[in-house]
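# Results of the structural survey
Each chain, letter by letter, is given below.
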Amino acid sequence: MNGPPSPRSRTAAARWELWLPLALFAGFVALVAAGLLRPASRDVKSAMIGKPLPEFTLRPAVAARPGLTRADLTGARPRLLNIFASWCVPCIAEAPQLEALRRAGVEIDGIAIRDTTADLEAFLARNGNPYARIGADEVSAIQFALGSSGVPESFVIDARGVVRYQHIGDITPKQVPLILAKLKEAEQ
Amino acid sequence: MNRLLYALAALSIALPTAAQDKLPPAPYAYRQLDDAAQEARAKALMETLRCLQCQGQSIADSDAPIAGDMRHQVRVRIAAGEQPEAIRAWLVERYGNYVSYAPRIDRLTWPLFAAPLILAALAAALLRRRFTTGAGV
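None of these values were measured; they are calculated from a predicted model.

### Observations concerning the sheet that holds strand β4 (residues 108-113) of chain A
Residue and element names in this part refer to chain A. Taking strand neighbours across the sheet as the criterion, the 5 strands line up as β5-β4-β3-β6-β7 in an open arrangement whose pairing is mixed. Strands with a single pairing partner mark the edges of an open sheet, and in this sheet they are β5 (133-137) and β7 (163-168). The average angle at which neighbouring strand axes cross in this sheet is 20°, direction not considered. Direction of pairing for strand β6 (residues 153-157) relative to β7: antiparallel, over a ladder of 5 bridges. Pairing of Ser154 across the sheet is with His167, part of β7. Along the sheet, helix α5 (residues 176-185) contacts β3 (79-84), β6 and β7; its crossing angle with β7, the most-contacted strand, is approximately 170°.

### Observations regarding the environment of Leu126 of chain B
With respect to the helices and strands, the residue Leu126 of chain B is situated in helix α5 (residues 110-136). In this structure the C-alpha to C-alpha distance between Leu126 of chain B and Pro27 of chain B, which are 99 residues apart in sequence, comes to 59 Å.

### Some thoughts on helix α2 (residues 89-103) of chain A
All names here are of chain A. Most pronounced at Ala95, the bend in α2 amounts to some 40°, and the proline Pro96 follows within four residues. Turning to α2, its buried residues number three or more, namely Cys91, Glu94, Ala95, Leu98 and Leu101. Here the buried face of α2 lies against β3, β4, α3 (117-127) and α5.

### Focus: the pairing of β4 of chain A
All names here are of chain A. In terms of burial, β4 is largely enclosed, as 5 of its 6 residues are buried. Judged from the 5 bridges that link them, β3 and β4 form a sheet pairing that is parallel. Paired with Leu80 across the bridge in β4 is Ile108. Regarding the hand of the β-α-β motif, the stretch spanning β3, α2 and β4 is right-handed. In the sheet, β4 pairs with β5 via 5 bridges, with the strands oriented parallel. Within β5, the residue paired with Ala112 across the bridge is Ala136. One crossover worth recording links β4 to the parallel β5 by way of α3, and it is right-handed.

### Here we look at the interface of chain B and chain A
Contacts between the two partners involve 20 residues from chain B, matched on the other side by 21 residues from chain A. Of all the secondary structure elements, the ones that give two or more residues to the side of chain B that touches chain A are α3 (65-79) and α4 (84-95) of chain B. Ranked by residues supplied to the side of chain B that touches chain A, first place goes to α3 of chain B with 6 residues. Classifying every residue of the side of chain B that touches chain A by side-chain character gives 9 nonpolar, 6 polar and 5 charged.

How each quantity is defined
Residues numbered from 1 in each chain as written. Chains lettered and ligands numbered in written order. Predicted model: local features only at pLDDT ≥ 70, side-chain atom pairs only at ≥ 80, totals over all residues. Pairing = 2+ DSSP bridges. Helix = DSSP H or I, 4+ residues; strand = E, 2+ residues; numbered from the N terminus. Axes fitted to C-alpha atoms, helices over the stretch in contact; angles between N-to-C directions. Contact = placed C-beta atoms within 7 Å. Bend = angle between axes of the 7 residues up to and from the residue. Buried ≥ 20, exposed ≤ 12 C-beta atoms within 10 Å, placed from the backbone. Right-handed = clockwise from strand over helix to strand, strands pointing away. Nonpolar A, V, L, I, M, F, W, Y, C, P; charged D, E, K, R; others polar.

Any link to function would need more than the numbers given here.
What follows is the structure, given as structure tokens:
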């Protein structure tokens, strides 16, 4: 039934080949497992790092703070530019860290994405207002010009108005020293 | 069981309001340009730009607010007379090639374009050898 017995060398080759599909399968499982356990980053990084800020002028988003123009972001020291919104849940989690940065002497400007004055004022009353200025970006135009793809995001801007660092997502308590270090780095 | 159902019902009500803004969509997010030729150019471009939040969709396909704002951006720029490829270049300058669905040949992507040509050449060479040796035997 099984045909004539093969020569010895042929059997060895066949035995090796027998395991090949299982090895391929194991490799495939390892690949999928790696993808599941460590998913690739979904962050879209801005390509604006190292480039000067685009020109922009944004009207004040709330009555209590002035609006924001490109000229406001240049000056003596690096500044933190925070992209946020009142409808953004991680922005609430980030608020205490921004307040800590402000107390550490960091000047923070905000750009509010697709927001209303009433919502923003309620958000700031509840979560604190660490911003020196807040510009209103109703159609995300400046967000696109910055290469930012969501809220919250923070950019370190040096004194010459060059984008030096992008932080995607909320700044966690552990990341406050990192932001301070990036601001210090931008002084050079 | 009932508690779980209540929790699920509460979630289904709470989630959409938590993740959405109250501002109406940007003027040209859902409104076509009056000039049909311009709208056609804008549409063709929008179909080849990636939504930054919903990353498997083009901005023409997506209802995410950020995709609406990107469509507004595209339509306003087309209406102002900008060329579609200039708008794509503007976005690529800010987000990298990732934002575009139209692949370009560069240092990273050339093997994708070269591989089929190399494989076809290899197949032609193998077939040629097989037929010529076949004729010889």
